[in-house]
Amino acid sequence: MQTAALRVFCHWSQSNSTAMIRQCLKCRALTLQQSSRAYGVIPPPRDSEEKEMVHRMLRVDHAGEYGANRIYAGQMAVLGRSKTGPFIQEMWDQEKKHLEKFNEILAENRVRPTALLPFWNIAGFVLGASSALLGKEGAMACTVAVEESITEHYNNQIRTLMEKDPERYTELLQVIKEFRDDEMEHHDTGLEHDAENVPGYWLLKNAIQLGCKAAIYISQRI
Amino acid sequence: YCCLISSMQSGYSLPTSVVAAPTTTNPQCGSLRRGFHCAVLRLQDESKSDKPPSSTSSSTTYHEHYQAHSAEQDAAASASDPAFYKIYQDQSGEQDEEYETEEQLQARILTAALEFVPLHGWSMEAIAAGAESLGLSSASTGMFEKGSGDLVLHFIAQCNAQLTEILAEQHNQVQLGQAEPKKTADFIRDAVETRLRMYIPYIEIWPQAMSLLLLPHNIPDSLKHLSTLMDDIWYYAGDRSTDMNWYTKRAALTGIYNTTELVMIQDSSPDFQDTWTFLDNRIQDVVNMATTAKQVQSTGEAVVQGLMGAAVTVSLLSYIHHLNSLFS
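Residues numbered from 1 in each chain as written. Chains lettered and ligands numbered in written order. Predicted model: local features only at pLDDT ≥ 70, side-chain atom pairs only at ≥ 80, totals over all residues. Heavy atoms only, no water.

An unreviewed UniProt entry lists chain B under the name Ubiquinone biosynthesis protein, with Oreochromis aureus as the source organism. Per UniProt, chain B carries the Sequence similarities (unreviewed entry) text "Belongs to the COQ9 family." (UniProt positions renumbered as here; feature names shortened; annotations may be inferred.)

Under an unreviewed UniProt entry, the name given to chain A is 5-demethoxyubiquinone hydroxylase, mitochondrial, and the source organism is Oreochromis aureus. The record in UniProt for chain A states the following under Subcellular location (unreviewed entry): "Mitochondrion inner membrane". Per UniProt, chain A carries the Subunit (unreviewed entry) text "Component of a multi-subunit COQ enzyme complex, composed of at least COQ3, COQ4, COQ5, COQ6, COQ7 and COQ9. Interacts with ADCK4 and COQ6. Interacts with COQ9."

Structure, rendered in structure tokens:
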């Protein structure tokens, strides 16, 4: 809002001296920068290297939330009407909120989404549905595995950003920390609901986590 | 040469003892130091003179001097050493009115060379003529590794920057409420037309430029410029998608843009009317396809609903029939 007001003021006073316009432009640029800092989650990048790094992080996070969304959708398709339905629905709603936030950030910062989205769409749904077909414990085991992978991934990102410059990335760190805490909660919910009782828990969990690691690796690049 | 640099930073007031160079066995560093030393002395002379040297003349004399020197030196330690200029650029800060980076110099030469393109085509002759028009030696074409490809890429980057400026200005106007937002198809049409009109002064020799861009060493850069252009146009058209649409929209626009460009180079109608008509039709095609896709999707959904309804009805009817047969 204040940037719009400032711009109107600048246009008004265009008939005045060039010095005033220059001042106006300077403070407009400053305000724009401050406002994009104040309302945006990502600081305007200083060079192309930083931009590349931040965009890569956002891209893979967006892909992750999109995939998690689809996994819960698959689980709900199978177990929606059972008694675990409400728990899965609750976790799914939280993931939807995460995805919305990342959609916002990507659109604001002109980040390219990963090209593999259609693939994650199908793969996520199939993973969710097939783990739910193993029963409620299977679905919970899948949740535990995926949420553990995502938590570790977010922790890595937090570590990277803290190493680089915690002050510069405060808002982004806040968002990632909040989402990481949500995912840990989902992980704990999964454990509470007898995830470990599924036969072949160790195998299932490690297979899914390997898949998640591969997905993260690919989505960072493509 | 770090001490030389730090003394440069302190406002060109160079003590004569600056000649005490750091001991180093690196031969590349040694030859750089020679060139640097001479440059330092030259700048020292210039700063001592009463008349402040104008920025262009001092930078050109600096470069001429440096180029004369680099002719003696090893190619590796020559003016194309980016690390040397980067140090200079980082630390000269506000004092770089007298000095410009190699990129800025290349940009100036290429901009000047554009005037000679109608005469010489997209070639090294045009670049040499441009360099000479700035008072530089025509041997400075050696700076451009990709040759005439550099000239074309520079022109394209310039056109893209101009278009982005125009689009940003339009965007501002809409934000301020001074202009009505255009419909997407119209916006795209105007953006592509504006951008292609920038080729009109060079349209006779544009096929040569296009063929230069297809050379293997120019392809990565030309693709990068093209993708940035498409992204910019869609961004200012209001696209904020974060799914597969991001890719399909840009791919569609790339197709429209490239085909229109091809039509333009062999268009002989007045003011390229045929080209703009072609552009209109292509955009209309894409819009129609998108509308059709939406219609197909909603039709498909309606059909699925209908089928499910029919299935439920049939099963209920057969159940009722079964009950009837049981109780009658």
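Having put the structure on the table, let's press on.
**Student:** Help me out: how do you make sense of the environment of Pro45 of chain A in this one?
**Tutor:** Residues and elements named next belong to chain A. Residue placement: Pro45 occurs in the loop between α2 (18-39) and α3 (48-79). With ten residues separating them along the chain, Pro45 and His55 place their C-alpha atoms 10.0 Å apart. With sequence-adjacent residues up to four places away left out, Pro45 is seen in contact with Glu50, Lys51 and Arg168. (Helix = DSSP H or I, 4+ residues; strand = E, 2+ residues; numbered from the N terminus. Contact = heavy atoms within 4.5 Å.)

**Student:** I'm lost on the UniProt feature "binding site: Fe cation 1" (unreviewed entry) in chain A in this one. Help?
**Tutor:** All names here are of chain A. The feature "binding site: Fe cation 1" (unreviewed entry), as given by UniProt, occupies Glu65, Glu95, His98 and Glu183 in the numbering adopted here. Across 119 residues of sequence, these annotated residues stay compact in space, with a maximum C-alpha separation of 10.4 Å. Structurally, the position occupied by Glu65 is in helix α3. Its relative accessible area of 1% is what places Glu65 among the buried residues. (Buried < 20%, exposed > 50% of the residue type's maximum accessible area, 1.4 Å probe, protein only.)

**Student:** Honestly, the packing of helix α6 (residues 136-164) of chain A against helix α7 (residues 170-192) of chain A in this entry has me stumped. Any pointers?
**Tutor:** Any two packed helices are characterised by how steeply their axes cross, that is the angle between the axes, and by the distance between the axes. Residues and elements named next belong to chain A. Two elements in contact, α6 and α7, have axes whose closest approach is 8 Å; the angle formed by their N-to-C orientations is 155°. When the axis of α6 is compared with that of α7, the two are roughly antiparallel. Judged by the sense of rotation from one axis to the other, the crossing of α6 with α7 is left-handed. Tallied by class, residues from the contact of α6 with α7 come to 13 nonpolar, seven polar and five charged. (Axes fitted to C-alpha atoms, helices over the stretch in contact; angles between N-to-C directions. Parallel < 35°, antiparallel > 145°, perpendicular 65-115°, else oblique. Left-handed = near helix turned anticlockwise from the far one by under 90°. Nonpolar A, V, L, I, M, F, W, Y, C, P; charged D, E, K, R; others polar.)

**Student:** Looking at this structure, I do not really get the interface of chain B and chain A. What am I missing?
**Tutor:** Quoted interface sizes are often the accessible area lost when the parts come together. Facing 13 residues of chain B, the contacting portion of chain A comprises 18 residues. Roughly 1,300 Å² is buried in total at the junction of chain B and chain A, and carbon and sulfur atoms are behind 59% of that figure. The largest per-residue losses of area from chain B upon contact with chain A belong to Leu176, Thr242 and Tyr247 of chain B, which jointly make up 44% of the total buried on that side. For the interface between chain B and chain A, the tally reads two salt bridges. Between Arg110 of chain A and Asp231 of chain B there is a salt bridge whose closest N-O contact spans 3.4 Å. (Buried area = accessible area lost by both parts, 1.4 Å probe. Salt bridge = Lys/Arg side-chain N within 4 Å of Asp/Glu carboxyl O.)

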